[in-house]
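Examining the three-dimensional arrangement
Here is what each chain is made of, one letter per residue.
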Number of protein chains: 2
Amino acid sequence: MTRPTKRPLTLRDVSDACGVSEMTVSRVLRKRGDVSQGTRDRVLAAAKALGYVPNQIAGSLASQRVNLVAVIIPSLSNMVFPEVLNGVNSAFEDTPLQPVVGVTDYLPEKEERVLYEMLSWRPSGVIIAGLEHSEATRAMLRNAGIPVVEIMDVDGTPVDAMVGISHRRAGREMARAILKEGYSKIGFMGTKMPLDHRARKRFEGLTEGLAKAGIEIEDRDFYSGGSALAKGREMTQAMLERSPDLDFLYYSNDMIGAGGLLWLLDQGVDIPGQIGLAGFNGVELLQGLPRQLATMDACRAEIGRAAAKIILDRTDPQGDDAAPAHITLTPTISPGDTLRRSRRG
Amino acid sequence: MTRPTKRPLTLRDVSDACGVSEMTVSRVLRKRGDVSQGTRDRVLAAAKALGYVPNQIAGSLASQRVNLVAVIIPSLSNMVFPEVLNGVNSAFEDTPLQPVVGVTDYLPEKEERVLYEMLSWRPSGVIIAGLEHSEATRAMLRNAGIPVVEIMDVDGTPVDAMVGISHRRAGREMARAILKEGYSKIGFMGTKMPLDHRARKRFEGLTEGLAKAGIEIEDRDFYSGGSALAKGREMTQAMLERSPDLDFLYYSNDMIGAGGLLWLLDQGVDIPGQIGLAGFNGVELLQGLPRQLATMDACRAEIGRAAAKIILDRTDPQGDDAAPAHITLTPTISPGDTLRRSRRG
DNA sequence: ATGAAAGCGCTAACAG
DNA sequence: CTGTTAGCGCTTTCAT
């Protein structure tokens, strides 16, 4: 039975307990090298009986290899990033690699601190959200000597590898879709986050796309804090009171879009006839709303999986001579029920 | 400037670069012991110029101290656990301790594996969701020789410390509130998760509470997978077709409750007159719905903060002689607009 | 198939 | 205030 010890057990303890050298115990526990079945069994039995847990700190120092991969994201409150993490997790399942998550709160200085902390554990790779980083952060990434995958966005120049979608293009495509359906008085609502570069790029893409047709955003508003759903309601109401002639509302995320949708339905507004709506992200949540909000999938889990695969490929065999992978995923518009003024089903 | 090296830099490199012993460099970098201002400056300058990042693997092995705290939770897809993590993060802000997250997918064997992996990094403490664990897991927790805080639930016996709410009591109190408002034909909907012990305890508490008034659940249903909001709609419709005389629906989480609420409003059902509703969790989301769903706060961020504080208290000074903390938080019912048949505002 | 020796990069403990 | 010495617990490498 496992008798509690103040000092954590070492290989030595197991070695003593079963009369086999530390080296052999180590080999058994790591399933490396040839060990006779009998010895193996005795070692395993002793280790289990004692409740021995190997010390990876010592192991990693000795072997100069660490099975950790740093994953650095802006937030956990968003549902977007947990989904990316699920993608990463699923790709690392059944591999020796393990993700370790750091959160930056969209703050460049915090990103710097978090990266420094993680690099001090000498991980085997880094997966980090976004392409915009402080110069110090970029320097650390460059000099770390490990694979680095920047994710979510491809509008920019990565330090090494990159996997994501073009948010600027997403905005442009949404503009095209909106115009194609005959809407022309467009309002925009989003988060007030100067540091959310991806939301900014979608907005820029939208205005670009509209500009090509000689159209400008008629109204816009930005919020911060609070329940996104509630904010969507409030902002939609405020905007329509201010600009009653709007015929389309583009939201920078599905949550506020859903809030707007619910409010408009309450008001008895004809959607998508009188007003069309679209959000961004393809959150699962939307499937339970009375109308399906038009949206665009951000390929979140897929991005996580692809990033993890890149790290695996670069880590596992010898093939890290390949050019850094640059993977652009293509999000698709789901028109749902809120973006089809011209042709109804 | 940081010139990329294949081999990561060591203290030795910094020592060479500034003509100071490794030991002194180490002291400067850790801000430990007295070092003259001049030396300090030279060391810092050299370290920055080289882009040196300390190796915590070596540091932790030498000092026998690791600034990591293992946080083990069932899922990231739930919004409940990210909120707990935010609580943990906030309490560790400005301390040397750092959370490292592991996800179990509600699987006991995976919990065991994840815990083993994390213990092999010799963390300074463990925060783990739930009180139900395999015997092997409990043994590891007992023998780890570090503070262990089991969180979310207090209906059971912890290995060491514990912070949470009584889900059984939450269910009972909801029963009382429901009965007090005059409802009597009660239906229940929840997740089909034999391993979600907290949802199970809420259900048991509810049936207990109703039983005291001689009342039994009239109908119940369980789902798995899919969008919770959509499931809430479907299940509510199905249940009311099956049991049209129900006058109250209790949902095991707010998401399916919100789905049910939206469906009932679509149908023009009088809420809470004809049918009352309640969920569980107090998710921020609800604040944007057309009616406020009655719910009960699970104190998620607070639980995370309190757990982190316990680890800090036990780690920081000498005071780990105190009895293990057992903290029971008290969730409060928010009746919202869906649980007040008798007295309207 | 097993063991012995050396050392991973850092810090505790002690000298000066 | 600064330097020296000896490990931390494991794995690598080389013997046997």
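Because the structure is predicted, anything quoted here is derived from the model rather than measured.

1. Description of the overall build of chain A
Across its full length, chain A holds 12 helices and 12 strands. Against the 2.2 N^0.38 benchmark of 20 Å for 345 residues, chain A shows a C-alpha radius of gyration of 26 Å, more extended than a compact globule. Projected onto the principal axes, the alpha-carbon positions of chain A cover approximately 85 × 40 × 35 Å. By residue count, 54% of the 345 residues in chain A fall in the buried class. Carbon and sulfur atoms form 50% of the exposed surface of chain A, whose accessible area is close to 15000 Å². For chain A, the distance from the average site of its 42 positive side-chain charges to the average site of its 43 negative ones is 4 Å.

2. A word on the relation of the copies chain B and chain A
You can overlay chain B on chain A at an RMSD of 0.1 Å; the transform is a turn of 180° with a shift of 0.0 Å along its axis. Put plainly, the chains are arranged around a two-fold axis. Closest approach to the rotation axis within chain B is made by the C-alpha atom of Ile57 of chain B, at a distance of 2.8 Å.

3. So, the sheet that holds strand β7 (residues 219-223) of chain A
Residue and element names in this part refer to chain A. Reading across from one edge, β7-β6-β8-β9 is the order of the four strands in this open sheet, with parallel pairing throughout. Of all strands in the sheet, those bounded by a partner on one side alone are β7 and β9 (276-278). Across the sheet, the mean angle from the axis of one strand to that of its neighbour is 15°, orientation sign disregarded. In terms of strand pairing, strand β8 (residues 248-251) meets β9 through three bridges, oriented parallel. Directly across from Leu249, in β9, lies its bridge partner Leu277. In this fold helix α10 (residues 228-242) packs onto β6 (186-191), β7 and β8, with an angle of close to 150° to the strand it touches most, β7.

4. Some details on the protein's contact with DNA strand D
The environment of DNA strand D is formed by 24 residues, the closest being Leu11, Met23, Ser26 and Tyr52 of chain A together with Thr39 of chain B. Sugar and phosphate atoms form 64% of the subset of DNA strand D atoms that lie within 4 Å of the protein. Tyr52 of chain A is positioned with one of its side-chain polar atoms (N or O) 2.3 Å from a phosphate oxygen of DNA strand D. Between DNA strand D and Leu61 of chain B there is a distance of 3.4 Å, counted from a base oxygen to a backbone nitrogen or oxygen. Those elements that place two or more of their residues in the surface near DNA strand D are α2 (22-30) and α4 (56-63) of chain A together with α2 (22-30) and α4 (56-63) of chain B. Looking at which element gives the most residues to the surface near DNA strand D, the answer is α4 of chain A, with four residues. Its residues assigned to classes, the surface near DNA strand D comprises 10 nonpolar, 10 polar and four charged.

5. Points about helix α11 (residues 254-266) of chain B
Residues and elements named next belong to chain B. Here α11 contains 13 residues, and its C-alpha end-to-end distance of 18 Å stays within 8% of the 18 Å for a straight helix at 1.5 Å per residue. Among the 13 residues in α11, 10 count as buried, and that is most of the element. Among all positions in α11, only Asp254, Ile256, Gly257, Ala258, Gly259, Gly260, Leu261, Leu262, Trp263 and Leu264 are buried. Regarding α11, its N-cap is Asn253, as a side-chain oxygen of that residue lies 2.9 Å from the backbone nitrogen of Met255 further along. The first or second residue beyond α11 is Gly268, which carries a positive phi of 75°.

6. Brief notes about the domain arrangement of chain A
Residue and element names in this part refer to chain A. Its domain assignment divides chain A into domain 1 (1-52), domain 2 (57-165 + 301-328) and domain 3 (167-297). Residue-level contacts link 12 residues of domain 2 with 10 residues of domain 3. The junction of domain 2 with domain 3 conceals about 1000 Å² of combined surface from both sides, 56% of it contributed by carbon and sulfur atoms. Applying the counting rule to domain 2 against domain 3 returns two salt bridges. Across the pair Glu132 and Lys201 runs a salt bridge, and its minimum N-O distance is 2.9 Å. The tally of links between domain 2 and domain 3 comes to seven residue pairs in polar contact (both at pLDDT 80 or more). Mapped by element, the contributors of at least two residues to the side of domain 2 that touches domain 3 are α5 (80-92) and β4 (148-153). By residue class, the composition of the side of domain 2 that touches domain 3 is eight nonpolar, one polar and three charged.

7. Remarks on a positive patch on the surface
All names here are of chain A. Taken together, the side chains of Arg27, Arg30, Arg32 and Arg65 make up a positively charged region of the molecular surface. Summarising the element assignment, Arg65 is placed in the loop between α4 and β1 (68-73). Taking the relative accessible area as the measure of exposure, Arg65 reaches 55% and is therefore exposed.

8. What to know about the interface of chain B and chain A
The interface of chain B with chain A comprises 49 residues on the first partner and 49 residues on the second. If you sort the residues of chain B by the area they bury against chain A, Ile57, Trp121 and Arg122 of chain B come out on top, with a joint share of 15%. Counting across the chain B and chain A interface gives two salt bridges. Lys110 of chain B is the salt-bridge partner of Glu93 of chain A, the closest N and O atoms lying 3.6 Å from each other. Between chain B and chain A we count 11 residue pairs in polar contact (both at pLDDT 80 or more) in total. Looking at the side of chain B that touches chain A, the elements that each hand over two or more residues are α4, α5 (80-92), β2 (98-103), α6 (108-119), α10 (228-242) and α11 of chain B. When the residues that make up the side of chain B that touches chain A are grouped by side-chain class, the tally is 27 nonpolar, 14 polar and eight charged.

9. Comments concerning the UniProt feature "domain: HTH lacI-type" (unreviewed entry) in chain A
The positions UniProt marks with the feature "domain: HTH lacI-type" (unreviewed entry) are residues 9-63 of chain A. Along residues 9-63 of chain A one finds 71% helix and 0% strand; the C-alpha atoms at either end are 20 Å apart.

10. Digging into the pattern of salt bridges
Residue and element names in this part refer to chain A. In the structure shown here, the tally under the stated rule is 36 salt bridges over all chains. The partner of Asp16 in a salt bridge is Arg12, and the shortest N-O contact between them spans 3.3 Å. In this pair, Asp16 and Arg12 both sit in helix α1 (residues 11-18), four residues apart, roughly one turn of the helix. Connected through salt bridges with shared partners, the residues Glu83, Asp297 and Arg300 form a single ionic network.

Rules used in this analysis
Throughout, residues of each chain are indexed from 1 in the direction in which the sequence is written. Working convention: letters from A go to chains and numbers from 1 go to ligands, in the order in which they are written. With pLDDT at 70 or above as the cut-off, local features in this predicted model cover only qualifying residues; side-chain atom pairs require 80 or more to be listed or tallied, and sums for whole chains, interfaces and linings still use all residues. Hydrogen atoms and water are omitted, and side-chain values are computed over all heavy atoms in the structure. Numbered from the N terminus, helices here are DSSP runs of H or I no shorter than four residues, and strands are runs of E no shorter than two. Computation of the radius of gyration draws on C-alpha atoms, with the globule rule given as 2.2 Å multiplied by the number of residues to the power 0.38. Accessibility here uses a 1.4 Å probe with only protein chains present; expressed as a share of the type maximum, an area under 20% marks a residue as buried, one over 50% as exposed, and anything in between as partly exposed. Note on areas: Shrake-Rupley with a 1.4 Å probe; residue coverage comes only from the protein chains shown. Only four residue types enter the tally: Lys and Arg on the positive side, Asp and Glu on the negative side, with His and both chain ends excluded. Throughout, a charge is located at the NZ atom of Lys, the CZ atom of Arg, the CG atom of Asp or the CD atom of Glu. To superpose the copies, least squares is applied to the C-alpha atoms of every residue with a pLDDT of at least 70 in both. Between any two strands, at least two bridges found by DSSP are needed for them to pair. Helix axes use the C-alpha atoms of the stretch in contact, all axes being lines fitted to C-alpha atoms, and the angles between their N-to-C directions lie in the range 0 to 180 degrees. Any two residues whose heavy atoms approach within 4.5 Å at even a single point are treated as in contact. It suffices for a single heavy atom of a residue to lie within 4 Å of a molecule or strand for the residue to be listed as near it. Here a polar contact is taken to be a pair of N or O atoms separated by no more than 3.5 Å, where protein atoms must pair a possible hydrogen donor with a possible acceptor and residues adjacent in sequence count only if both atoms sit in side chains. Gly counts as polar in this scheme, as do all residues outside two lists: the nonpolar Ala, Val, Leu, Ile, Met, Phe, Trp, Tyr, Cys and Pro, and the charged Asp, Glu, Lys and Arg. Helices are assigned an expected span. That span is 1.5 Å times one less than the residue count. Throughout the structure description, domain borders are defined by an automatic or database domain assignment. As used here, buried area is the combined drop in accessible area, with a 1.4 Å probe, of two parts when they are placed together. Criterion for a salt bridge: a side-chain nitrogen of Lys or Arg within 4 Å of a carboxyl oxygen of Asp or Glu. Patch construction takes residues with relative accessible area above 30% that form no salt bridge. Like charges are linked within 9 Å, and nonpolar side chains (Val, Leu, Ile, Met, Phe, Trp, Tyr) are linked within 5 Å. UniProt positions are given in the numbering used here, feature names are shortened, and annotations may be inferred rather than shown by experiment.

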